[in-house]
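Now for the letters of each chain:
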Amino acid sequence: MSVDVMLPFYGDPGLLRRAVRSVQEQRRTDWRLTVVDDGYPDDTIGPWFAALGDDRVRYRRNARRLGAQPNNRHCIEAVERPFFVMMGADDLMEPDYLDTVLALHERWPDAAVVQPGVAVIDADDRPVRPLADRVKALLAPSGSGPRAVGGEDLLVSLLRGNWLYNPSLCWRTDAVQRVALPGSADVFDLALPVAVIADGATMVVDDHVCFRYRRHRSSDSGSGAAAGNRFAEERRYFAAEAARMEDRGMPRAARAARWHGSSRLNAAVQLPGAALRRDPAALRALAAHLVGRVS
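Residues numbered from 1 in each chain as written. Predicted model: local features only at pLDDT ≥ 70, side-chain atom pairs only at ≥ 80, totals over all residues. Heavy atoms only, no water.

Engineer: Got a minute to help me understand the overall build of the protein chain in this structure?
Structural biologist: In terms of helices and strands, the protein chain carries 13 helices and nine strands. For 295 residues, the compact-globule estimate of 2.2 N^0.38 gives 19 Å, and the C-alpha radius of gyration of the protein chain, at 19 Å, lies within 12% of that figure. Along the three orthogonal principal directions, the C-alpha set of the protein chain runs to about 55 × 45 × 35 Å. Considering the protein chain as a whole, with its 295 residues, one finds that 49% of them fall into the buried category. Pairs at least 24 residues apart make up 80% of the contacts formed inside the protein chain by residues separated by at least 6 positions. Entry remark: accessible area of the protein chain is about 13700 Å², with carbon and sulfur atoms responsible for 51%. Charge-centre separation for the protein chain: the mean point of 40 positive side chains lies 6 Å from the mean point of 38 negative side chains. (Helix = DSSP H or I, 4+ residues; strand = E, 2+ residues; numbered from the N terminus. Rg over C-alpha atoms; globule rule 2.2 N^0.38 Å. Buried < 20%, exposed > 50% of the residue type's maximum accessible area, 1.4 Å probe, protein only. Contact = heavy atoms within 4.5 Å. Areas by Shrake-Rupley, 256 points an atom, 1.4 Å probe, with all protein chains shown as cover. Lys, Arg positive; Asp, Glu negative; His and termini not counted. Charge placed at Lys NZ, Arg CZ, Asp CG, Glu CD.)

In structure tokens, the structure reads:
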């Protein structure tokens, strides 16, 4: 059940160190952590890793900055072990995280991915539940305890709104290697699981909280959404996915892709801020997304 924990990094070195420590504190020992530094300008990071004295932890620094999505792709392509996690550099594993997700993979050996229970925290480690996470809870599959989900029902729920916490997912490597990695950073977190599930795979969902996901007041995705920058790419993705689902004989999934309700809700939430900023470009982009027009 050996697992690669891949950790792409460009951000706060203090939070990175805490993330690394949370991996080192896992009860299971059959893991390898690879940190891929995308050139963050801090000369203390390399020496800190050199002083760890833990041969399970590898630190690599890109010769030139790739950017967030190319670095994520680079990390996935570097996976070698049967299972992997793409952890966020500011997130935290609870000590039983790997125990939990790998036990579920053992129980459901054909499952492509495990989504464990997640606690959302803010920049100061305080539990929070902003609107985005309340919506995720509503969209997630019903039920309690570990359960396998898949097929068109799962695709419908994901295309309505991405309720996953991608940094907490534990993937079966060969299931991901069978599909083409998405090219766009704006839709990657949804497009990859949709591609894997559409390929016939299943997912295991559990309620046991063993991962802490950090949601900052401002983030790359949040600021991009506020400006309306990402929505044109999302509309292109959903239009293409609707056509693919029709071709696969999944009309309900195709309909969910056409409506992409959670994505439109996100645009609606950003409208008041754009109006207050008197930002006509953002207002046009957000309004276009609300009516579903591809620019």
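Engineer: Looking at this structure, how should I read the layout of surface pockets?
Structural biologist: Gaps left between atoms are located by rolling a probe of water-molecule size over the structure's atoms. The computed volume of the second largest pocket comes to approximately 430 Å³. Among the elements of the structure, strand 6 (113-121), helix 5 (131-139) and strand 9 (202-214) are those that each provide at least two residues to the lining of the second largest pocket. Broken down by element, the lining of the second largest pocket gets its largest block of residues, six residues, from strand 6. (1 Å grid on protein atoms, 1.4 Å probe; cavity = no way out; pocket = protein on both sides within 12 Å on 5 of 7 lines; lining within 4 Å. Points joined across faces, edges and corners; volume = space filled by probe spheres on them.)

Engineer: Before we go on, may I ask you to explain helix 13 (residues 280-291) in this structure?
Structural biologist: Residues three or four positions apart in an α-helix share a direction because the helix packs 3.6 residues into each turn. Between the first and last C-alpha of helix 13 there are 17 Å, a value that for twelve residues agrees with the 16 Å anticipated at 1.5 Å per step. Along helix 13, the residues that are buried comprise Ala282, Leu286, Ala288 and His289. With its buried residues spanning 155° around the axis, helix 13 presents them on a single face. Helix 13 presents Arg284 and Val291 as exposed residues on the side facing more than 90 degrees away from its buried surface. (Expected span 1.5 Å × (residues − 1). Arc of directions from axis to C-beta.)

Engineer: Mind showing me how you'd approach the confidence of the model for the protein chain here?
Structural biologist: Close reading of the predicted structure is inappropriate where its pLDDT is low. Residue-level pLDDT values for the protein chain average 90, and 94% of them are 70 or greater. Within the model, pLDDT remains below 50 along residues 219-226, and this stretch shows twelve contacts once partners closer than five positions in the same chain are excluded. (pLDDT = per-residue confidence, 0-100.)

Engineer: How should I be thinking about the environment of Val36 in this particular structure?
Structural biologist: In this fold, Val36 is placed in strand 2 (residues 31-37). Considering only alpha carbons, one finds Val36 and Ala267, 231 residues apart in sequence, at a separation of 33 Å. With sequence-adjacent residues up to four places away left out, Val36 is seen in contact with Leu7, Pro8, Phe9, Arg60, Asn62, Asn71, His74 and Cys75.

Engineer: Would you take a moment to explain helix 1 (residues 13-24) for this structure?
Structural biologist: Taking 1.5 Å of rise per residue, twelve residues should cover 16 Å, and helix 1 covers 17 Å from first to last C-alpha, within 8% of that figure. Within the sequence span of helix 1, burial applies to Pro13, Leu15, Leu16, Ala19, Val20, Ser22, Val23 and Gln24. The secondary structure elements touched by the buried residues of helix 1 are strand 1 (3-9), strand 2, helix 2 (45-50), strand 3 (57-61), strand 5 (92-93) and strand 9. Residue Asp12 occupies the N-cap position of helix 1, its side-chain oxygen lying 2.7 Å from the main-chain nitrogen of Gly14. (Polar contact = N/O pair within 3.5 Å; in protein donor to acceptor, adjacent residues only side chain to side chain.)

Engineer: When you look at the pairing of strand 2 in this model, what are you seeing that I'm missing?
Structural biologist: Regular strands show a simple pattern: their side chains alternate between the two faces of the sheet. In terms of burial, strand 2 is largely enclosed, as seven of its seven residues are buried. Here strand 2 shows a buried face lined by Trp31, Leu33, Val35 and Asp37 and a second buried face lined by Arg32, Thr34 and Val36. The pairing of strand 1 with strand 2 spans seven bridges and is classified as parallel. When the sheet's bridge partners are listed, Phe9 is paired in strand 2 with Asp37. Between the parallel pair strand 1 and strand 2, the chain is carried across by helix 1, and the sense of this crossover is right-handed. (Pairing = 2+ DSSP bridges. Right-handed = clockwise from strand over helix to strand, strands pointing away.)

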